[in-house]
Amino acid sequence: ERKQAEEALRKSEEQHRRLFETISQGVIYQAVDGHIISANPSAEKMLGLSLDQMRGKTSMDSRWKMITENGEKVHGSDHPSMIALRTGEKIGPVTRGIYIPEKDEYAWLSITATPLFRPDEEKPFQSYAVFDDITLKKQHEDEIKKQQQLIHTILNKLPIGIAINTVEPEPKVELVNENFAQIYGVRTEDLPTVESFWEAVYEDEAFREKIKNRILSDINSGDPKRMQWHDIPITKKGKVVKYVSAQNILLEDHGVIISTVTDTTERKRAENEIINARNHAEESRLRFETLFAESPVSILILDKDTGEVVDANKTAYSAYGFDNLAALQQSDIWMEPPYSLEDALERIQKAAHDGIHVFEWKNRKVTGEVFWELVTLRPMVIDGMERIFSTAIDITGQKQKELEKEVLYRIANATFVSEDMETLLASIKKTLNKLIDTKNFYVALYDKGKDMFTIPYEADEKDQIEKWPAKQSTTGLVIRKKKALLLKKPDILKLIRSGEIEQIGNMCEVWLGVPLLSGPDIIGVLAIQDYHNPNAYDKGGKEVLEFVSSQISMAIQRKMFMKDLVIAKEKAEESNRLKSAFLANMSHEIRTPMNGILGFAELLKEPQLTDEQQQQYIEIIEKSGERMLNIINDIVDISRIESGLMDVTLKESNINEQLDYLYTFFKPQVEAKGMQLTLTDMLSPKKANTITDREKLLAVLANLIKNAIKYSHEGTIEFGCKILESHGRASLQFFVRDTGIGIPKDRQHAIFERFIQADIEDTEARQGAGLGLAISKAYVEMLGGEIWVESIEGRGSTFYFTIPYKTHHQVLNT
């Protein structure tokens, strides 16, 4: 029975070792300098240490505590492996005690150390020690030695314990040999009487009374068969320490009972070992079945010829979305090449022929979701049949990260190779589609000043919107909350009903947007949406979009920066051209009045001039000098503005008084041309005072009125001022309106640029440096306002400008 149990155990352990590649003996490999290279699980278990705790340690480590059988300490250099390395000879088996801190006791090991040699080398380069735990064996050996010594010295010829008790007139212990006491685990002096035997041997009172009554009953029966007791347990501190078998022989003629006792512990233990071996074999089988069923790794047992799934654990069929093995076996789980059944069979046959085969494989769940596994195929004989044992680990997350890295690299590369923003964003959309559905995709750039979105790129099934206000839009909500948002249709409708957003464009089933950042600032929003599937995007899609948003932000900024560089270059070239034209114009403008001054000054020398001619020449010289002075003043002013030397002097000014002054000053000039000058929209006397730079304000208004006079032939010139209120702030808005030649729409922005008149190819462009409106624009901006024009060519123009309206009281509070 023991051999059968051992054979069952051997087969069970063989199957177990095939799975775990373990052996029952402890094995430790040490390098030539003594440090530990590796240790098997059995060694870890016996020593109570993990491989990581042992690796790199040497026998010289003071934490090792090794003793001989006599209790003498063994120095590190005398460990069996160290002797084998030093002498080059096999050492052992030797018995040594190793202290186990976890158990706070010594474990006894039988150790054999063997040196390892490389070919043609005399000195070993490694050694390995193989050891068995013989703690129990040694304990038993020690016990046997004691028994042997007693038997040898006291009852050399008696192999059993013996006690002789007299019956009449009362029970009395006559003789107890040491072997008898030893078997029962007591001292002979503890057995002076029969009653003392019971108390000394059986510590548990209830069990003592039970066994005592039974034995006395058997003795009183006189039946020799009943006076044989087998495998009586002896307990100490509640634990069975041994088993004994006893027999009483009644010698009625002599009035004595001879009690013999033998220790049956080993036999009982052997029987228990047989039972335990059977149980262990069953446990190993159950353990394997449990491991197969409950393993977190997908396990399939496949037919090596057809690829049919013979068996599978729960993890395997659940990975495909099935509830049971039968559903997996009845379903077509294969995908298109290179992941078809034919491709799988090719790999299965490769494993059957060549051995273990490892590869990545793409699968599909019943829901249609794709997942990746790292598959290991190995040939194995199971229940007498050649099968392919397949284990698989889900690596979808790893593949996703690899794909994210690839997408990020391609997006980064696109920023360098794309020629323009539209090409770049189209490339990003196409690349990003590998990670998430980008059928409906747009990038909205945010203008913080205007609180508006503009679309540099959009691909959408239904909407084509170029720009919209950020306020109360879904895209604007990303700006306001400063975080990514994943909204489904019910969420969007709820926001609309609450008034937090308004619907712009067609309603979608799901919308996902993430902010595009430039440092702490949000420069725009990257958004995708789906009109059909509310589950098109989830938390994972949100993370993907956030993952690439920073790279997209940098890409957009880089492209915008390059675009700004091109525009700046074009502006610089334009500026150089305009300045060249300006210098040429200045040469002409300065030469013209100078020629007038010099020419008519020369004519004044003529003695025959009449008083009338003389007065006419003097007026021409004065006008030419005034014209040259204006040109020089404009050049000086624009130079001071460009160099940042122009100061602003703020003081209280009466706007109505300034407007009256300008009306009085320019009225004669306007009427001299047959036109009418009108002053309207003056301020109330209580609100006429403001804090501003009086001289600059006068200069701006004078420039605008001069231009109106210069470019008008008939009609009226009207100017005035009013107070505007906006967002709790007040400003003064001035206007100058004429019925002159007007300004072409394509030139209305250019007229405020420096030197621009020199570039106007128009016969109506009058004399001058072309700096008046540029100076006016600079003055208005220095005062904190803005200037603009509304004009219809051939019908006239209206110039507007604003400055902050500040009272003396407001300035003091500030």
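Just so it is clear, the structure is predicted and the values come from calculations on it, not from any experiment. (Residues numbered from 1 in each chain as written. Predicted model: local features only at pLDDT ≥ 70, side-chain atom pairs only at ≥ 80, totals over all residues. Heavy atoms only, no water.)

### Describing the side chain of lysine 696
Part 1: Among the structural elements, lysine 696 can be located in helix α20 (residues 694-710).
Part 2: Within the local environment of lysine 696, its side chain forms a polar contact with the side chain of aspartate 693, the two groups lying 3.2 Å apart.
Part 3: Beyond its immediate sequence surroundings of up to four residues, lysine 696 is in contact with Met646, Asp647, Val648, Tyr779, Met782 and Leu783. (Helix = DSSP H or I, 4+ residues; strand = E, 2+ residues; numbered from the N terminus. Polar contact = N/O pair within 3.5 Å; in protein donor to acceptor, adjacent residues only side chain to side chain. Contact = heavy atoms within 4.5 Å.)

### Topic: the pairing of strand β11 (residues 256-263)
Part 1: The element β11 is largely enclosed, with a buried count of 6 among its 8 residues.
Part 2: The pairing of strand β10 (residues 239-251) with β11 spans 8 bridges and is classified as antiparallel. Counterpart to valine 244 in the pairing with β11 is aspartate 263.
Part 3: Counted between consecutive antiparallel strands, the loop separating β10 from β11 contains 4 residues, among which glycine 255 sits at a positive phi close to 70°. (Buried < 20%, exposed > 50% of the residue type's maximum accessible area, 1.4 Å probe, protein only. Pairing = 2+ DSSP bridges.)

### Examining the nonpolar core
A general tendency of soluble globular proteins is for nonpolar side chains to be buried together.
Part 1: Core analysis: the largest hydrophobic core is formed by 40 residues, its most contacted members being Phe734 and Phe801.
Part 2: Sorting the residues of this core by element identifies α19 (655-672), β24 (676-680), α20, β26 (716-726), β27 (729-738), α21 (772-782), β28 (787-792) and β29 (796-804) as the ones contributing at least two each.
Part 3: Contacts of phenylalanine 801, omitting those with residues within four sequence positions, involve Leu697, Val700, Leu701, Leu704, Leu732, Gln733, Phe734, Val780, Glu786, Ile787 and Trp788.
Part 4: Of all hydrophobic cores here, the second largest spans 30 residues; its members include Ala484, Val510, Leu512 and Leu545. (Core = buried A, V, L, I, M, F, W, Y, C linked by side-chain atoms within 4.5 Å.)

### Description of the confidence of the model for the protein
Part 1: Across the protein, the average pLDDT comes to 82, with 89% of residues at 70 or higher.
Part 2: No element of the protein has a lower mean pLDDT than helix α22 (residues 808-813), at 53, and none a higher one than β29, at 94.
Part 3: A low-confidence stretch, residues 758-769 stays under pLDDT 50, and its non-local contacts, those more than four residues away or across chains, total 28 contacts. (pLDDT = per-residue confidence, 0-100.)

### Focus: the environment of aspartate 218
Part 1: Among the secondary structure elements, aspartate 218 is positioned in helix α8 (residues 205-221).
Part 2: Between the alpha carbons of aspartate 218 and glutamine 228 there is a distance of 8.7 Å; along the sequence they are 10 residues apart.
Part 3: Sequence-distant contacts of aspartate 218, defined by excluding residues within four places in its chain, comprise Asp223, Arg226, Met227 and Trp229.

### Regarding helix α7 (residues 194-201)
Part 1: Within α7, burial applies to Ser196, Phe197, Trp198 and Val201.
Part 2: Summarising the contacts, the buried residues of α7 are in contact with α6 (178-184), α8 and β9 (228-236).

### Quick word on a nonpolar patch on the surface
Part 1: Among the surface-exposed residues, Ile356, Val358, Leu374 and Ile393 lie close enough to one another that they form a single nonpolar patch of about 350 Å² accessible area.
Part 2: For valine 358, the location among the structural elements is in strand β14 (residues 357-364).
Part 3: By relative accessible area, which is 48% here, valine 358 ends up partly exposed. (Patch = residues over 30% accessible without salt bridge, like charges linked within 9 Å, V, L, I, M, F, W, Y side chains within 5 Å. Areas by Shrake-Rupley, 256 points an atom, 1.4 Å probe, with all protein chains shown as cover. Salt bridge = Lys/Arg side-chain N within 4 Å of Asp/Glu carboxyl O.)

### A few points about the sheet that holds strand β1 (residues 26-31)
Part 1: Strands sit in the order β2-β1-β6-β5-β4-β3 across an open sheet of 6 strands; the sheet is antiparallel. Looking at strand neighbours, the two that pair on one side only are β2 (36-39) and β3 (66-67), the edges of this open sheet.
Part 2: Bridge analysis of β1 against β2 gives 3 bridges, and the strand direction is antiparallel. Looking at β2, one finds that isoleucine 28 is bridged to alanine 39.

### Describing the packing of α7 against α8
Part 1: Interhelical geometry of α7 versus α8 gives an angle of 140° and a closest axis separation of 10 Å. Taken together, the axes of α7 and α8 lie oblique to each other. Here α7 and α8 pass one another in a crossing that is right-handed. Residues Glu195, Trp198 and Glu199 of α7 lie in contact with α8, whose contacting residues are Arg208, Ile211, Lys212 and Ile215. (Axes fitted to C-alpha atoms, helices over the stretch in contact; angles between N-to-C directions. Parallel < 35°, antiparallel > 145°, perpendicular 65-115°, else oblique. Left-handed = near helix turned anticlockwise from the far one by under 90°.)

### Regarding α8
Along an α-helix, residues three or four apart share an orientation, since each turn contains 3.6 residues.
Part 1: The end-to-end C-alpha separation of α8 is 24 Å, in line with the 24 Å expected for 17 residues at 1.5 Å each.
Part 2: Among the residues of α8, Arg208, Ile211, Lys212, Ile215, Asp218 and Ile219 are the ones counted as buried. For α8, the arc enclosing every buried residue in end-on projection is 135°, short of the 170-degree limit, so these residues lie on one face. Opposite the buried face of α8, at more than 90 degrees from it, the exposed residues are Ala206, Lys210 and Asn220.
Part 3: On its buried face, α8 sits against α7, β9, β10 and β11.
Part 4: The backbone nitrogen of alanine 206 lies 3.4 Å from a side-chain oxygen of the residue at the head of α8, namely aspartate 204.
Part 5: Among the residues trailing α8, glycine 222 stands out with phi positive, at a value near 75°. (Expected span 1.5 Å × (residues − 1). Arc of directions from axis to C-beta.)

### Quick notes on unusual backbone geometry
Part 1: Residue proline 93 is reached from glycine 92 by a cis peptide bond, and omega for that bond is 5°.
Part 2: Looking at where proline 93 falls in the secondary structure, it is placed in strand β4 (residues 91-100).
Part 3: Unusually for a residue other than glycine, aspartate 120 sits at a positive phi of about 65°.
Part 4: Relative to the assigned elements, aspartate 120 resides in the loop between β5 (105-116) and β6 (126-133).
Part 5: At lysine 482, a residue that is not glycine, the phi angle is positive and equals roughly 60°.
Part 6: Structurally, lysine 482 is set in the loop between α15 (474-481) and β20 (485-488).

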